[in-house]
Structures are given as structure tokens and as C-alpha cells.
Amino acid sequence: MQKPMLQFRIQISPRQLSMFILKQWRATAFGVYGYLNFTKNGFLEHSKNFKPEDMQTRVEGKNCIVTGANSGIGYATAEGLASRGANVYMVCRSKDRGEVALSAIRSKTGNQNVHLEVCDLSSVTEIKSFASRFSSKDMPVHVLVNNAGSLEHNRVTTSEGFELNFAVNVLGTYTITELMVPLLEKAAPDARVITVSSGGMYTAPLTTDLEFNDGKFGGVEQYARNKRVQVALTEKWSEMYKDKGIGFYSMHPGWADTPGVAKSLPSFSGRFQGKLRTSEEGADTIIWLALQPKEKLVSGSFYFDRAEAPKHLKFAATADSHARIDSIIDILRSLNNLPSRI
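All figures in this text were calculated on a predicted structure; none of them were measured in a lab.

Cut-off values and rules
- Residues numbered from 1 in each chain as written.
- Predicted model: local features only at pLDDT ≥ 70, side-chain atom pairs only at ≥ 80, totals over all residues.
- Heavy atoms only, no water.
- Helix = DSSP H or I, 4+ residues; strand = E, 2+ residues; numbered from the N terminus.
- Rg over C-alpha atoms; globule rule 2.2 N^0.38 Å.
- Buried < 20%, exposed > 50% of the residue type's maximum accessible area, 1.4 Å probe, protein only.
- Pairing = 2+ DSSP bridges.
- 1 Å grid on protein atoms, 1.4 Å probe; cavity = no way out; pocket = protein on both sides within 12 Å on 5 of 7 lines; lining within 4 Å.
- Points joined across faces, edges and corners; volume = space filled by probe spheres on them.
- Core = buried A, V, L, I, M, F, W, Y, C linked by side-chain atoms within 4.5 Å.
- Contact = heavy atoms within 4.5 Å.
- Phe/Tyr/Trp six-rings, centres within 6.5 Å; stacked < 30°, edge-to-face > 60°.
- Axes fitted to C-alpha atoms, helices over the stretch in contact; angles between N-to-C directions.
- Left-handed = near helix turned anticlockwise from the far one by under 90°.
- Nonpolar A, V, L, I, M, F, W, Y, C, P; charged D, E, K, R; others polar.
- Parallel < 35°, antiparallel > 145°, perpendicular 65-115°, else oblique.
- Expected span 1.5 Å × (residues − 1).
- Bend = angle between axes of the 7 residues up to and from the residue.

Visitor: Now, about the overall build of the chain: what can you tell me, with residues and values included?
Guide: Regarding its fold elements, the chain presents eleven helices and eight strands. Scaling as 2.2 N^0.38, a compact globule of 342 residues should have a C-alpha radius of gyration of about 20 Å, and the chain matches this with 21 Å. Along the longest, intermediate and shortest principal axes, the C-alpha atoms of the chain span 90 × 45 × 40 Å. The proportion of buried residues among the 342 residues of the chain is 54%.

This is the structure in C-alpha cells:
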């Protein structure tokens with residue numbers, strides 16, 4: 001007698017199917033768009049429209065803070081600003097690595113007004129301590145570059161109880177920016193905040209699940225979500241502080257061959273070997289944003305290769321999600337115990 005076959009049915013709701021298709025579309029559209037634009041070839045093609053004079057501005061006497069400045073794009077940014085005469089403050093987690101980078105930049109640029117500030121951007125306590133120390137200098141901050149980032153594949157919890165990627169990329173970025181606003185105001189109307197986001201944000205809508213508590217944790221997806229928050233925060237900051245003389249800009253450096261990428265995305269780094277941008281090419285638009293007259297820039301915008309870029313890919317259904325930013329800011333304020341400025 002033939003035994004009856006067991007049948008298993010997996011039921012998927014129309015909404016689940018729709019979300020699956022949408023997620024696949026975002027990933028595919030991002031991959032194609034990225035391959036055409038974010039690689040070294042993309043930079044070389046876009047650079048045909050660059051104006052060399054845009055990068056010849058000197059910034060002597062201007063105070064610039066660069067987070068995550070001991071390697072990669074942060075290092076290239078600090079060096080680029082120092083070479084143009086800025087007073088650069090490198091915010092690094094590691095004192096030893098920071099000192100090596102500091103010495104190298106001073107030696108290469110001849111600028112001795114480059115300084116190291118040790119601070120772990122995953123710690124609200126350390127950020128508040130740094131901000132207090134720095135504020136005691138009572139000097140204007142002309143440029144704040146939020147470059148420090150984290151892509152940890154596994155769920156790691158900081159000593160303060162936060163998921164690590166979120167702690168660095170979102171809570172840390174939000175906290176240091178808010179605490180620097182009074183010093184940025186001192187540099188008005190020339191003050192600006194440049195936040196280094198990522199093209200990965202194209203694959204993610206804004207969500208209030210900031211620490212990825214719902215569903216199976218994925219480091220790459222969390223990173224993309226974090227970077228989407230940074231873009232939406234930049235929009236909101238430009239609105240909140242529009243009368244304070246501070247410009248807010250987010251940007252994408254492209255796919256660059258940095259130590260961070262090699263460590264966090266080894267398979268990606270290997271697959272695109274020889275096709276990735278240098279750290280200097282990744283930092284190019286950051287420095288460009290720091291040097292341009294503010295009337296040439298649009299506060300709240302997202303920049304890529306010295307030009308405004310779209311914040312959303314076609315048919316990706318991420319634009320409406322930015323309405324959640326007010327709720328997200330409320331969450332961030334409650335987590336770092338900062339008062340509202342509005």
C-alpha cells in the first residue's frame with residue numbers, strides 16, 4: 001500500500017508578498033544604480049564636470065571637527081582640511097591610532113594646528129564629556145563632519161545598553177551634533193554640519209525600530225536603516241535650525257576601498273577589488289561641501305560627487321517614511337536625556 005505524501009503549505013499574506021517584492025526591488029535597483037555610479041569609474045566619469053577652483057579655497061583659522069578621523073575617509077577628510085589651513089580636531093576612539101594619524105597629517109601638511117580628541121562615539125557619556133571639554137574652549141565650530149560609523153554584523157550591546165551600530169551611527173551622530181549647536185552658532189552664518197551617510201540607505205525606509213528589535217537582526221540592514229535616519233535627520237535639522245546660520249548636508253562617499261569596508265564587508269571588498277574608490281576620492285565631496293560658499297549649497301540636501309543627489313530611488317517607496325522623523329527625534333532625546341531646543 002502506498003503511503004500518503006505529507007503536504008506542507010506556507011501561507012504568505014498579500015502584504016508579506018508585497019513587502020518581499022518591494023525589498024527585492026530596492027536591493028536590485030540599488031545594486032544597478034550603485035555599480036553605475038558609486039565605483040571608481042563612476043567617480044572618474046563624474047569628475048569630468050568638477051571645477052578645480054572649487055577645491056582651491058583656503059580655510060585658515062576655521063575650526064573643523066572630524067569624527068572617526070584616524071583612517072579611511074575620515075583621515076582623508078582631516079588631511080584635506082589641514083592641507084588648506086584649517087584648525088582640525090580629530091575625534092578618535094583609539095588614542096594610539098589617533099596619535100599615529102595626527103603625526104602623519106601634521107608631517108604631510110606642515111599644519112601643526114591639528115589636534116586629537118579621544119572619544120568613543122558609541123557612548124553618550126563620553127560624547128557629553130567631550131562636548132563639555134570642547135565647549136570650555138569657547139570657540140566657534142565652522143565645520144562638523146560626522147564621519148564615524150559602525151557596521152557590526154552580530155548584535156552587540158554597548159555598556160550603556162544600546163545596539164552598537166545604532167549607538168554610533170544614529171545616537172552618537174545625533175548627540176554630538178546637538179551638543180555642538182551652540183558652538184556652530186558662534187560660526188554663523190558660515191557654520192555647517194556634514195554627515196557621511198551611505199548609498200545603502202536607498203534600500204531602507206525610515207523605521208522607529210531603531211535598535212532592530214523586531215525580526216532577525218542583520219548588520220547590513222541595520223547599517224542601511226541607520227544611514228537612512230542620518231539623511232532624514234539632516235532634513236529635519238535644516239528645518240529646525242534654519243534661522244541659526246547653520247547649514248546641514250548629508251552625503252554619500254561612493255564605494256571606497258577603506259579599512260572599514262575591508263573589515264566589515266570582506267566579500268564585497270574582494271568582489272570589487274580594483275573597482276573601488278580611494279579614501280581621497282570618497283572624501284572629495286566632504287571637503288567640497290566644507291569649502292563652498294553656502295549660497296551654492298542647499299541645506300537639508302543629500303550630495304554625491306559634488307552635486308545634489310536623490311534621496312530615494314524610483315518605485316522604492318521610501319519617501320513617505322520620512323514623516324516618522326519627529327517620533328525618532330523624540331526617542332533619541334529620551335535616550336540621551338537632551339532637552340528640546342525648539
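Structure shown, so let's carry the discussion forward.
Visitor: I'd like to hear about the sheet that holds strand S2 (residues 87-92), residue by residue, with values.
Guide: Spatial strand order, S3-S2-S1-S4-S5-S6-S7-S8: eight strands in an open sheet with mixed pairing. Strands at the two margins of the open sheet, each flanked by one partner only, are strand S3 (114-118) and strand S8 (307-308). Note: strand S1 (residues 63-67) against S2, five bridges, orientation parallel. The partner of Cys64 across the bridge, within S2, is Val88.

Visitor: Break down empty space enclosed by the protein for me, citing the residues and quoting the values.
Guide: Applying the stated criterion to the full structure yields one cavity of 30 Å³ or more. In this structure, the largest cavity spans a volume of roughly 30 Å³. Together, Thr67, Leu121, Asn146, Ala148, Val168, Gly172, Thr173 and Ile176 line the largest cavity.

Visitor: How would you explain the nonpolar core if you had to name every residue and give the values?
Guide: Counting residues in hydrophobic clusters, the biggest one holds 44 residues, and the most contacted among them are Ile65, Phe130, Phe134, Met180, Leu233 and Leu332. Elements represented by at least two residues in this core include exactly S2, helix H5 (124-135), helix H6 (164-186), strand S5 (191-196), helix H7 (219-240), strand S6 (246-252) and helix H11 (325-336). It is H6 that contributes the most residues to this core, eleven residues altogether. Not counting chain neighbours up to four residues away, the residues in contact with Ile65 comprise Tyr89, Val91, Phe130, Phe134, Val141, Val143, Leu144, Val145 and Met180. Ranked by size, the runner-up nonpolar core spans 35 residues in total, among them Val59, Val145, Ile287 and Leu291.

Visitor: Go over the packing of aromatic side chains with me, naming the residues and quoting the values.
Guide: Under the definition given, this model contains 22 aromatic pairs. Summarising the aromatic geometry, the rings of Tyr35 and Phe272 are spaced 6.1 Å apart at their centres and angled 50 degrees between planes, so their arrangement reads as tilted. Here Phe272 lies in the loop between helix H9 (266-271) and helix H10 (279-291) and Tyr35 lies in helix H1 (residues 14-37), a separation of 237 residues in the sequence. On the basis of relative accessible area, Phe272 is assigned to the buried category, the value being 11%. Ring centres of Tyr89 and Phe134 lie 5.0 Å apart, and the angle between their planes is 90 degrees; this geometry places the pair in the edge-to-face category. In this pair, Tyr89 is assigned in strand S2 and Phe134 in helix H5, connecting sequence segments 45 residues apart. Of the two residues examined, Tyr89 and Phe134, each falls in the buried class. Taken together through their ring pairs, the aromatic side chains of Phe30, Tyr33, Tyr35, Phe38, Tyr202, Trp255, Phe268, Phe272, Phe302 and Phe304 make up a single cluster.

Visitor: Tell me about the packing of helix H3 (residues 72-82) against helix H4 (residues 95-109), residues and numbers included.
Guide: Helix-helix packing is described using two parameters, namely the angle between the two axes and the distance between the axes. It is the contact of H3 with H4, at a shortest axis distance of 10 Å, that shows an interaxial angle of 35 degrees. Crossing geometry of H3 relative to H4 is assigned as right-handed. Between H3 and H4, the contacting residues are Tyr75, Ala78, Glu79 and Ala82 on the first element and Ala101, Ala104, Ile105, Lys108 and Thr109 on the second. Across the contact of H3 with H4, the residue classes break down as six nonpolar, one polar and two charged.

Visitor: Describe in detail the packing of H5 against H6, supporting the description with residues and values.
Guide: Contact geometry for H5 and H6: axes closest at 10 Å, N-to-C directions at 20 degrees. Here H6 runs roughly parallel to H5, going by the angle between their axes. Of the two possible hands of crossing, H5 and H6 adopt the one that is right-handed. Together, Val124, Ile127, Lys128, Phe130, Ala131, Phe134 and Ser135 of H5 and Leu171, Gly172, Thr175, Ile176, Leu179, Met180 and Leu183 of H6 make up the contact between the two elements. Per-class residue counts for the contact of H5 with H6 are ten nonpolar, three polar and one charged.

Visitor: Talk me through H10; I want residue IDs and the actual numbers.
Guide: Under the 1.5 Å per step criterion, the end-to-end length of H10 is 18 Å for 13 residues, consistent within 8% with the ideal 18 Å. The axis of H10 is deflected most strongly, by about 30 degrees, at Thr285. Counting buried residues in H10 gives twelve out of 13 residues, a clear majority hidden from the surface. Those residues of H10 that sit buried are Ser279, Glu281, Gly282, Ala283, Asp284, Thr285, Ile286, Ile287, Trp288, Leu289, Ala290 and Leu291. Contact partners of the buried residues in H10: helix H2 (40-46), H3, strand S4 (143-146), S5, S6 and strand S7 (302-304).

Visitor: An account of the layout of surface pockets is requested, with residue identities and associated values reported.
Guide: With a probe scaled to a water molecule rolled over the atoms, the places where space remains empty come into view. Taken as a whole, the second largest pocket encloses approximately 150 Å³ of empty space. Lining the second largest pocket, in full, are His46, Asn49, Phe50, Lys51, Asp54, Trp288, Lys296, Asp305, Arg306 and Ala307. Of the residues belonging to the lining of the second largest pocket, the class tally is three nonpolar, two polar and five charged.

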